Amino acid sequence: EDEDGNIVDRDPVENSIIPDATAPSITRLTVEPGGSTATVRLTADEDATYYYLVLEESQRAPSISEIKTLGGQYSGKGSLTMDEEVQFTVANLEQMTDYVIYVVVIDDAENVSDREDAAFSTKDGTPPSITVRSVSPQPYGGKKVQFDLKPTESGTAYYYIRKETSAAEPTFDDIFKT
């Protein structure tokens, strides 16, 4: 008993606060690339703060310290709750480029997860267009025309020719299925 008559537990092991020495783990990391964006989904087995860094695939993989400093053009951090998916978007990426996202999570006790990564490739998010540079009727009975076209990228072009009319513009299906 102490001087006030309260019972004192003298077992120091029983009353010890055991520090968290277990590093969190990233349990899921997925990336869904778009044209100039990537949607990232992340889950961990503890409440923690996540840090990420996106680099072009050809660049050297960063250290955990480099990821934590948020020094890259495509970097950030956020909070996550144990076993609940967090989603974020990385924006302003270059189209048709190979990237790798590197992620670490750090819990409140400053335990750091292993670095996880996921490779992804952004897509071509810009639709092609064609500039008609000239249209020249050919002298073969008035039934042939020569077109000079300039596409913005390579691919297959489809065209639809009809007499001049006040009807609505042809639809994609009109052109593609004819």
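Model, not experiment: these values are computed from the prediction. (Residues numbered from 1 in each chain as written. Predicted model: local features only at pLDDT ≥ 70, side-chain atom pairs only at ≥ 80, totals over all residues. Heavy atoms only, no water.)

**Student:** Please give an account of the layout of surface pockets that cites residues and values.
**Tutor:** To find leftover empty space, one rolls a probe the size of a water molecule over the atoms. Reported here for the largest pocket is a volume of approximately 590 Å³. Forming the walls of the largest pocket are 18 residues, and the residues nearest its centre are I130, L149, A157, Y158 and Y159. Counting only elements with at least two residues in the lining of the largest pocket, the list comes to strand 8 (130-137) and strand 9 (145-151). At 3 residues, strand 9 tops the list of elements feeding residues into the lining of the largest pocket. Split into classes, the residues belonging to the lining of the largest pocket amount to 13 nonpolar, 4 polar and 1 charged. (1 Å grid on protein atoms, 1.4 Å probe; cavity = no way out; pocket = protein on both sides within 12 Å on 5 of 7 lines; lining within 4 Å. Points joined across faces, edges and corners; volume = space filled by probe spheres on them. Helix = DSSP H or I, 4+ residues; strand = E, 2+ residues; numbered from the N terminus. Nonpolar A, V, L, I, M, F, W, Y, C, P; charged D, E, K, R; others polar.)

**Student:** Requested: an account of unusual backbone geometry, with residues and values cited.
**Tutor:** Of note in the backbone geometry, L70 takes a positive phi value of approximately 55 degrees without being a glycine. With respect to the helices, strands and loops of the structure, L70 is situated in the loop between helix 1 (64-68) and strand 4 (74-80). Despite not being glycine, N92 has its phi angle at roughly 65 degrees, a positive value. If you trace the backbone, N92 turns up in the loop between strand 5 (86-90) and strand 6 (98-106). The exposure class of N92 is exposed, given its relative accessible area of 60%. (Buried < 20%, exposed > 50% of the residue type's maximum accessible area, 1.4 Å probe, protein only.)

**Student:** Which residues make up the pattern of salt bridges, and what values go with them?
**Tutor:** Applying the stated criterion to the full structure yields 5 salt bridges. Between R28 and E85 there is a salt bridge, with the nearest N and O atoms lying 2.2 Å from each other. In this pair, R28 is assigned in strand 1 (residues 26-33) and E85 in the loop between strand 4 and strand 5, connecting sequence segments 57 residues apart. R28 sits in the partly exposed class, given a relative accessible area of 37%. Residue E85 is classed as partly exposed on the basis of its relative accessible area, which comes to 41%. Within the structure, one salt-bridge network assembled from shared partners comprises R28, E32, R41 and E85. (Salt bridge = Lys/Arg side-chain N within 4 Å of Asp/Glu carboxyl O.)

**Student:** Account for the pairing of strand 6, naming residues and giving values.
**Tutor:** A large share of strand 6 lies buried, amounting to 8 of its 9 residues. Pairing of strand 3 (residues 48-56) with strand 6 involves 8 bridges; the strand directions are antiparallel. Of the residues in strand 6, the one forming a bridge with Y50 is V105. (Pairing = 2+ DSSP bridges.)

**Student:** Could you give me a rundown of the sheet that holds strand 5, with the residues and numbers involved?
**Tutor:** Taken in spatial order, the 3 strands line up as 1-2-5 in an open sheet, and their pairing is antiparallel. Looking along the sheet, the strands with just one partner apiece sit at the ends: strand 1 and strand 5. Averaged over all neighbouring strand pairs, the angle between strand axes comes to 20 degrees, with direction disregarded. Direction of pairing for strand 1 relative to strand 2 (residues 38-44): antiparallel, over a ladder of 7 bridges. Directly across from R28, in strand 2, lies its bridge partner T43. (Axes fitted to C-alpha atoms, helices over the stretch in contact; angles between N-to-C directions.)

**Student:** Requested: an account of the pairing of strand 5, with residues and values cited.
**Tutor:** Burial of the side chains of strand 5 is restricted to one face: V86, F88 and V90 are buried, whereas none of Q87 and T89 on the reverse face is. Looking at chain direction, strand 2 and strand 5 are connected through 5 bridges and run antiparallel. Following the sheet pairing, T39 is matched in strand 5 by T89.

**Student:** Residues and numbers for a nonpolar patch on the surface, please.
**Tutor:** Judged by side-chain polarity, I130, V132, V135, V145, F147, L149, Y159 and I161 come together as a nonpolar surface patch covering roughly 790 Å² of accessible area. Take I161: it is sitting in the loop between strand 9 and helix 2 (172-177). (Patch = residues over 30% accessible without salt bridge, like charges linked within 9 Å, V, L, I, M, F, W, Y side chains within 5 Å. Areas by Shrake-Rupley, 256 points an atom, 1.4 Å probe, with all protein chains shown as cover.)

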